[in-house]
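Architecture and fold: a report
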Amino acid sequence: MSEIPGQARAVIIGGGVVGVSALYHLAKAGWTDCILLEKNELTAGSTWHAAGNVPTFSTSWSLMNMQRYSTELYRGLGAAVDYPMNYHVTGSIRLGHSEERMQEFARARGMGLHQGMALEILAPDEIKGKYPFIETHDLKGALYDPADGDIDPAQLTQALAKGARDLGATIARFCPATGVSRENDEWIVHTEKGDIRCEIVVNAAGYYAQRVGEWFKPYGGRTVPMMVMSHQYMIFDEVPEVRDWAGQAGHKLPLLRDVDSSYYLRQEKTGFNLGPYERPCRAHWADPSDPLPEDFSFQLYPDDLDRLSFQIEDAMARVPILAEAGLARVINGPIPYAPDGNPLIGPMPGVPNAYEACVFTFGIAQGGGAGKVLAEWITEGATEWDMWSCDPRRFTDYTDHDYCVQKGMEVYGHEYGMHFPWHRWPAAPDRKLSPAHHKVKDLGGQMGAYAGWERANWFATPGDDVSEQATQTWNRTGPWEARIREECEAVRDNVGVLDLPGFSRFHLTGEAAGDWLLGKIAGGLPKPGRLNLAYFPDNRGRIVTEMSVACNGPDDFTLITAATAQWHDYEWLTRDLAPGLTLIDRTREMSTLIVTGPESRALFTAIGTDADLTLPWLSHQQAHVAGRPCILARVSFAGELGWEIHAENGHVPTIYEAVLQQGAKPFGMFALNSLRIEKGYRAWKGDLSTDYSLLQGGLDRFIRFDKPQAFPGKAALLSEKQAGVTKRFVTLTVDAGKADAPYMSTLWHDGQVVGETTSGAWGYRVGGSIALGMLRADLAYPGTEITIDIYGQRCRAVVQEDGPLWDPDNNRLRA
Ligand SMILES: Cc1cc2nc3c(=O)[nH]c(=O)nc-3n(C[C@H](O)[C@H](O)[C@H](O)COP(=O)(O)OP(=O)(O)OC[C@H]3O[C@@H](n4cnc5c(N)ncnc54)[C@H](O)[C@@H]3O)c2cc1C
């Protein structure tokens with residue numbers, strides 16, 4: 001007889017902190033009929049040797065949410081599951097060496113206050129009050145996080161395991177999963193102790209996630225985008241000053257993070273733990289000469305202190321008593337990295353009823369929140385917070401091994417790096433190129449990567465400083481500013497062209513395709529030859545995605561969506577595609593040029609086209625431009641007269657050349673961002689996310705409650721409409737200083753948090769700083785004055801009329 005149950009609702013593969021937290025949260029949600037498989041003892045992977053730091057700090061709203069939740073969970077967990085454990089909430093001090101770093105801290109503080117956390121900015125002379133052993137002469141200040149701390153990772157995992165078992169879940173230790181197969185819409189997870197049939201499978205295999213992921217390839221899976229870094233920390237012997245101070249204070253020293261020098265220093269018993277993220281870093285198991293072993297349970301890499309010498313010396317200069325301490329032990333273990341350093345939590349791309357909760361670089365800090373998020377994905381099909389930052393579908397087919405290794409090393413070496421809005425992380429460029437790429441580069445294009453696609457952010461002219469160094473600022477001003485202004489002005493006064501490869505493009509056909517689509521979107525569909533925006537709500541009425549829908553004929557539609565949304569949206573469309581309908585992904589076959597500005601019609605005439613240029617705004621037609629076949633869609637995300645040219649890749653260079661020859665000025669994504677914000681056009685996963693309902697998002701005119709087709713979220717939206725929304729999308733003009741409002745800047749009114757921005761930029765046509773955001777409904781009317789916390793500066797902002805700031809009646813679009 002098999003030693004394990006033959007049937008379960010969900011099977012989790014991997015018994016590290018993340019898998020066990022997922023099991024615990026599933027059980028708490030009532031899914032107690034779940035089994036976790038661990039090939040060795042619980043915690044045998046990365047969890048075992050983790051240092052156990054539990055920060056809340058992040059400049060990502062969703063990661064901060066997840067980490068904050070972890071700290072709240074861990075505080076009560078020992079009592080909740082009756083498993084006492086060591087969790088020291090010591091607070092932490094992040095040291096700032098530059099004004100830019102202090103601005104980053106202020107931004108995180110603003111977000112933290114919004115989330116109910118009491119982050120504080122410390123002046124240099126206040127630091128010693130909390131940490132007497134530190135040199136502060138070269139610091140600008142610090143960020144104090146009272147909720148930071150450290151936990152024993154093994155105890156944490158065991159506590160979660162006890163909680164899960166007590167609720168009825170099963171943990172099978174020393175039970176490796178060996179593969180999966182599928183039968184009658186059920187998974188069969190094969191193990192050394194027998195098979196388990198189940199509805200849902202979760203890959204929580206830590207640094208083995210890629211190997212486990214291979215089993216899912218026959219069922220639509222891809223190679224899990226990840227690599228493995230070696231990471232070390234050093235434990236130092238007792239330091240008498242630390243012992244005495246902690247003895248007197250009755251608590252540990254706060255954890256110190258010198259983020260500009262790239263290490264943390266923590267009190268460990270009466271000594272220290274020093275953990276660097278070094279630039280000369282080391283990937284493991286990254287090439288055939290160093291293969292991933294079959295088993296690495298409870299094992300470490302050999303010490304390699306040479307590459308840490310900068311951080312060791314720096315820490316000893318910062319906290320001189322460290323130099324007195326003897327080095328007791330070095331831990332050098334594997335940490336998996338996804339190409340952006342965030343974990344993979346959510347639906348496994350391409351595979352039905354399979355999920356991922358793996359590739360965590362900070363799994364101890366994030367494990368609690370990750371368990372909650374994963375359980376929500378499985379039990380409700382949606383998460384409380386928008387979790388796109390961790391969604392496995394954010395990576396598509398450009399993340400090959402070489403890309404993962406290069407990016408993983410870049411992220412590790414800049415683990416505490418600042419993510420400036422103008423900066424492009426340089427590793428692993430050129431994954432996906434526009435057919436006009438070389439021309440764009442020749443014109444001075446300063447490229448950015450958008451889901452792997454290279455697009456110009458702005459066009460430099462000879463003599464402009466295009467160094468990486470110049471981008472190290474939060475401020476608007478920089479070599480790009482004058483160029484963005486010129487690009488926007490060309491679009492306003494004349495005509496501009498943007499080479500925009502990578503739009504996700506799906507072709508939907510089949511009997512009653514329109515009817516089916518109407519059952520997915522909140523609004524209506526265009527007639528043949530026309531196009532419109534369509535919003536896809538979830539069952540809660542929240543914004544899942546936005547697509548442009550072009551009707552080509554009866555039951556024949558082209559759906560166009562963001563480059564980054566390719567896998568996400570494809571899955572949303574195909575998950576319950578009606579029988580008889582066909583959905584084809586044409587993303588790779590075609591590319592797009594945006595030609596826009598008051599002279600765009602004249603430009604097309606001059607080039608030569610058989611298109612009818614009098615067809616109205618929101619129309620599309622087959623045509624020839626410069627003798628090449630294309631589709632001309634009369635829309636402009638920039639808010640001027642204009643057309644999108646959609647053409648097969650081979651025709652794009654000729655058309656681009658012809659458009660340039662007629663004097664169109666090339667413009668980039670930075671200009672487009674400014675132009676679209678002036679029009680109040682929302683961007684996906686900034687302004688449009690599952691954090692907000694369609695009604696909160698101000699998308700009322702895209703909802704047709706009276707159409708015959710039921711659509712997801714209709715009931716929720718109707719009751720929200722009746723009750724009235726609690727917050728509402730607004731456009732704000734901002735008395736900004738040197739910087740415009742980034743995503744998730746906190747809105748204040750009368751000393752209270754009243755909302756957040758979802759995007760912001762300088763508007764070169766309106767001549768001012770603009771923010772889009774969500775504001776408490778009772779304040780969301782024109783003329784209300786609020787303040788926005790922009791990198792720590794409280795800036796006055798005024799709510800505008802509901803509608804675009806630029807050309808509110810769309811006269812220029814209709815011209
Ligand atoms: C030196 C070091 C210090 C760190 N310090 C911190 C820190 O201070 N704070 C922090 O947040 N993070 C830290 N980390 C990172 C942290 O350890 C990881 O992010 C976290 O442990 C990941 O947990 P996990 O559950 O995803 O993976 P793991 O702990 O690796 O668990 C995966 C499990 O899956 C099992 N498994 C694999 N294949 C199979 C199979 N086929 N069948 C059954 N089971 C299988 C493995 O045996 C393993 O137990 C540190 C890491 C290192 C190396």
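In this text, all values refer to a predicted model and were calculated from it rather than measured experimentally.

With respect to the overall build of the chain
- Looking only at helices and strands, one finds 20 helices and 38 strands in the chain.
- The C-alpha atoms of the chain give 27 Å as radius of gyration, which agrees with the globular expectation for 815 residues (28 Å, within 12%).
- With respect to the three principal axes, the spread of C-alpha positions in the chain is 80 × 70 × 60 Å.
- Looking at the chain as a whole, 61% of its 815 residues are labelled buried.

As for the sheet that holds strand 35 (residues 752–763)
- Strand order in this closed barrel of six strands is 33-36-35-34-37-38, and the pairing throughout is antiparallel. Taken over all neighbouring pairs, the strand axes of this sheet differ in orientation by 40 degrees on average, direction set aside.
- When strand 35 meets strand 36 (residues 768–776), the two strands line up antiparallel, connected through eight bridges. Considered in strand 36, the bridge of Ala761 is made with Ile770.
- Packing against the sheet, helix 18 (residues 669–678) makes contact with strand 35 and strand 36, and its axis sits at approximately 125 degrees to strand 35.

A word on the site of the ligand
- Among the 36 residues in the neighbourhood of the ligand, the closest are listed as Glu38, Thr47, Asn53, Phe360 and Gly363.
- Between Glu38 and the ligand, the recorded distance is 2.7 Å, taken from a side-chain N or O atom to an oxygen atom.
- At the level of secondary structure, the elements contributing two or more residues to the shell around the ligand comprise helix 1 (17–28), helix 2 (46–49), strand 12 (227–236), strand 17 (327–337) and helix 10 (363–380).

What about helix 1?
- Here helix 1 spans 16 Å end to end across 12 residues, near enough to the 16 Å set by a 1.5 Å rise per residue.
- Most of helix 1 is tucked away, with 11 of its 12 residues classed as buried.
- Among the residues of helix 1, those classed as buried are Val17, Val18, Gly19, Val20, Ser21, Ala22, Leu23, Tyr24, His25, Leu26 and Ala27.
- Remark: Gly30 follows helix 1 within two positions and exhibits a positive phi of approximately 100 degrees.

Here we look at the pairing of strand 23 (residues 504–509)
- The buried fraction of strand 23 is high, at five of six residues.
- When strand 23 meets strand 26 (residues 556–561), the two strands line up antiparallel, connected through six bridges. Looking at the pairing, Leu508 lines up with Phe557 of strand 26.
- Sheet analysis places strand 23 next to strand 27 (residues 582–585), joined by four bridges and oriented antiparallel. Looking at strand 27, one finds that Thr509 is bridged to Thr582.

Here we look at the sheet that holds strand 23
- One open sheet accounts for five strands, arranged 24-25-26-23-27; its pairing is antiparallel. Two strands lie at the open edges of the sheet, namely strand 24 (531–537) and strand 27, each paired on one side alone. Looking at each pair of strands side by side, their axes are set apart by 30 degrees on average, direction ignored.
- Two strands pair when backbone bridges link them, and strand 25 (residues 543–553) and strand 26 are joined in this way by five bridges, in the antiparallel orientation. Opposite Ser548, over in strand 26, you have Ile560 as the bridge partner.
- Sitting on the sheet, helix 15 (residues 566–574) touches strand 23, strand 24, strand 25, strand 26 and strand 27, and the angle it makes with strand 25 is about 75 degrees.

Some points on the nonpolar core
- If you look at the biggest cluster of nonpolar residues, it comprises 52 residues, and the most contacted ones within it are Tyr337 and Leu694.
- For this core, the secondary structure elements donating two or more residues are helix 3 (61–81), helix 4 (99–114), strand 12, strand 17, helix 11 (401–413) and strand 36.
- Here Leu694 is in contact with Ala522, Tyr535, Pro537, Gly541, Arg542, Ile543, Leu699, Asp700, Ile703 and Leu717, once residues within four sequence places are set aside.

Things to note about the pairing of strand 37 (residues 785–790)
- In terms of strand pairing, strand 34 (residues 746–749) meets strand 37 through two bridges, oriented antiparallel. Paired with Leu747 across the two strands is Ile788, which belongs to strand 37.
- As paired strands, strand 37 and strand 38 (residues 793–799) are joined by six bridges and run antiparallel to one another. By the bridge assignment, Thr787 is partnered in strand 38 with Arg796.
- Joining the antiparallel neighbours strand 37 and strand 38 is a turn of two residues, in which Tyr791 adopts a positive phi near 50 degrees.

What about unusual backbone geometry?
- Even without being glycine, Asp430 reaches a positive phi, approximately 60 degrees.
- The class of Asp430 is partly exposed, set by a relative accessible area of 40%.
- Positive phi values are uncommon outside glycine, yet Asp555 reaches one of about 55 degrees.
- In this structure, Asp555 sits in the loop between strand 25 and strand 26.

Some thoughts on the side chain of Thr361
- Mapped onto the elements of the fold, Thr361 is located in the loop between strand 19 (354–358) and helix 10.
- A residue is classified by how much of its surface remains accessible, and Thr361, at 9% relative accessible area, is buried.
- Within the structure, Thr361 has its side chain in polar contact with the backbone oxygen of Gly341 (distance 3.3 Å).
- Ignoring sequence-local partners within four residues, the contact set of Thr361 consists of Ile335, Pro336, Tyr337 and Gly341.

Here is what the cut-offs are and how they apply
- Throughout this description, residue numbers start from 1 for each chain and increase along the sequence as written.
- Reporting of local features is limited, given that this is a predicted model, to residues whose pLDDT is at least 70; pairs of side-chain atoms are given and counted only at 80 or more, and all residues count toward the totals for whole chains, interfaces and linings.
- Calculated side-chain values reflect all of the structure's heavy atoms, with hydrogen atoms and water omitted.
- Elements are defined by DSSP. Helices are runs of H or I of four residues or more, strands are runs of E of two residues or more, and each kind is numbered from the N terminus.
- Our radius of gyration looks at C-alpha atoms and nothing else; its globule reference is 2.2 Å times the residue count to the power 0.38.
- Only protein chains enter the calculation, and the probe is 1.4 Å; a residue is then buried if its accessible area is under 20% of its type maximum, exposed if over 50%, and partly exposed in between.
- Note on pairing: DSSP must find at least two bridges between two strands before they are called paired.
- A fitted line through C-alpha atoms represents every axis, and for helices the fit uses only the stretch in contact; the resulting angles, taken between N-to-C directions, go from 0 to 180 degrees.
- Here a residue-residue contact requires only that any non-hydrogen atoms of the pair lie within 4.5 Å.
- Near residues are defined by distance, with any heavy atom within 4 Å of the molecule or strand qualifying the residue.
- In protein, a polar contact requires one atom able to donate a hydrogen and another able to accept it; more generally it is a pair of N or O atoms within 3.5 Å, and residues adjacent in sequence count only if both atoms are side-chain atoms.
- For a helix, the expected span equals 1.5 Å multiplied by the residue count minus one.
- Here the nonpolar core consists of buried residues drawn from Ala, Val, Leu, Ile, Met, Phe, Trp, Tyr and Cys, with membership extended through side-chain atoms lying within 4.5 Å.

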